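Topology and contacts: notes
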Amino acid sequence: EAQVTQNPRYLITVTGKKLTVTCSQNMNHEYMSWYRQDPGLGLRQIYYSMNVEVTDKGDVPEGYKVSRKEKRNFPLILESPSPNQTSLYFCASSPAARYGYTFGSGTRLTVV
Amino acid sequence: AQSVTQPDIHITVSEGASLELRCNYSYGATPYLFWYVQSPGQGLQLLLKYFSGDTLVQGIKGFEAEFKRSQSSFNLRKPSVHWSDAAEYFCAVGATAAGNKLTFGGGTRVLVKP
């Protein structure tokens, strides 16, 4: 089944403790992206990648890092999480702009 | 810069009635347009997309949308709503820049009355 898989689905952590949210797609898509969803602010792009080793900032990149060492994987790294990063995170992949993105099921992160 | 407006935050509709969700976009060129649905606790599922050709596009779950360039609109419709259509619906415009960035509207939450 074609899909984007994110792990974990739920995560509660403490301020300052580094964490990684994994993302993997099995559709051989070139483009991958991370979004966060917050009440009243909607969905905003954090980082994106156009291919292996090619990544760039989206609209809200502060406090996040990403890497794209393999085409299928695009992990999101929070080196020192803070409470304002409590959010619902989505990873997504796309073959081209006109097809839109396929989204993962989301990771609900709480930073206390 | 691209932007999307969904004027209705909430819509309540009776089961079996028709549904129309409004979407207006701002984009400098011919847009790629999408409708996504998000059920509670779930990710976003693509309902339909438009990038060229026939301005009336059909999607999954009985949904359709019409692209009207003159009105910068891409409204979503369904002739007869089922209880399972209760969800939040997002309109989005896509660009080839910024990694195929999607810009989303604020969403419309649909409640279905029995």
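Whatever comes next refers back to the structure up there.
Heads up: these notes are all about the structure in this document. What you see is a predicted model; the values in this text were computed from it and never measured.

Rules and cut-offs
- Residues numbered from 1 in each chain as written.
- Chains lettered and ligands numbered in written order.
- Predicted model: local features only at pLDDT ≥ 70, side-chain atom pairs only at ≥ 80, totals over all residues.
- Heavy atoms only, no water.
- Helix = DSSP H or I, 4+ residues; strand = E, 2+ residues; numbered from the N terminus.
- Rg over C-alpha atoms; globule rule 2.2 N^0.38 Å.
- Buried < 20%, exposed > 50% of the residue type's maximum accessible area, 1.4 Å probe, protein only.
- Contact = heavy atoms within 4.5 Å.
- Areas by Shrake-Rupley, 256 points an atom, 1.4 Å probe, with all protein chains shown as cover.
- Lys, Arg positive; Asp, Glu negative; His and termini not counted.
- Charge placed at Lys NZ, Arg CZ, Asp CG, Glu CD.
- Buried area = accessible area lost by both parts, 1.4 Å probe.
- Salt bridge = Lys/Arg side-chain N within 4 Å of Asp/Glu carboxyl O.
- Polar contact = N/O pair within 3.5 Å; in protein donor to acceptor, adjacent residues only side chain to side chain.
- Core = buried A, V, L, I, M, F, W, Y, C linked by side-chain atoms within 4.5 Å.
- Disulfide = S-S within 2.5 Å.

1. Let's talk about the overall build of chain A
- Across its full length, chain A carries zero helices and 11 strands.
- Taken against the 2.2 N^0.38 rule, which gives 13 Å for 112 residues, the C-alpha radius of gyration of chain A at 13 Å falls within 12% of a compact globule.
- Expressed along its principal axes, the backbone C-alpha trace of chain A runs to roughly 35 × 30 × 25 Å.
- The buried share among the 112 residues of chain A stands at 50%.
- Residue pairs in contact within chain A that sit at least 24 positions apart in sequence constitute 53% of those at least 6 positions apart.
- Summed over all atoms, the accessible surface of chain A reaches about 5,300 Å², with 49% contributed by carbon and sulfur.
- With 13 positive and 9 negative side-chain charges, chain A shows a separation of 4 Å between the mean positions of the two kinds.

2. A word on the side chain of Ser94 of chain A
- Of note, Ser94 of chain A is situated in strand E9 (residues 87-94).
- Leave out the neighbours within four places in its chain, and Ser94 of chain A touches His29, Glu30, Tyr31, Gly100 and Tyr101 of chain A together with Asn100 of chain B.

3. Quick look at the interface of chain B and chain A
- With 20 residues of chain B at the contact, the number on the chain A side is 21 residues.
- Overall, the association of chain B and chain A removes approximately 1,700 Å² of surface from exposure, summing both partners, and the carbon and sulfur fraction of that is 59%.
- At the junction of chain B and chain A, the tally comes to one salt bridge.
- Asp59 of chain A is the partner of Lys101 of chain B in a salt bridge, and the nearest nitrogen-oxygen pair spans 2.7 Å.
- Where chain B meets chain A, there are five residue pairs in polar contact (both at pLDDT 80 or more).

4. Description of the nonpolar core
- By size, the foremost hydrophobic cluster in this structure holds 26 residues, and its most contacted members are Trp35, Leu48, Phe74, Leu76 and Tyr89 of chain B.
- Every element with two or more residues in this core is listed here: strand E2 (10-14), strand E3 (19-21), strand E5 (32-38), strand E6 (44-50), strand E8 (64-68), strand E9 (73-78), strand E10 (87-94) and strand E12 (108-113) of chain B.
- Among the nonpolar cores identified, the runner-up in size contains 18 residues, and Cys23, Met32, Val60 and Leu109 of chain A belong to it.

5. With respect to the state of the cysteines
- The full count for this structure, using the stated rule, is two disulfides over all chains.
- The partner cysteine of Cys23 of chain A in its disulfide is Cys91 of chain A, sulfur to sulfur 1.8 Å. Because the torsion about its S-S bond is -75 degrees, the bridge between Cys23 of chain A and Cys91 of chain A counts as left-handed. One end of the pair, Cys23 of chain A, is in strand E3 (residues 19-25); the other, Cys91 of chain A, is in strand E9, and 68 residues separate them in sequence. An identical accessibility class is assigned to Cys23 of chain A and Cys91 of chain A; each is buried.
- Covalent S-S linkage joins Cys23 of chain B and Cys91 of chain B, the inter-sulfur distance amounting to 2.0 Å.

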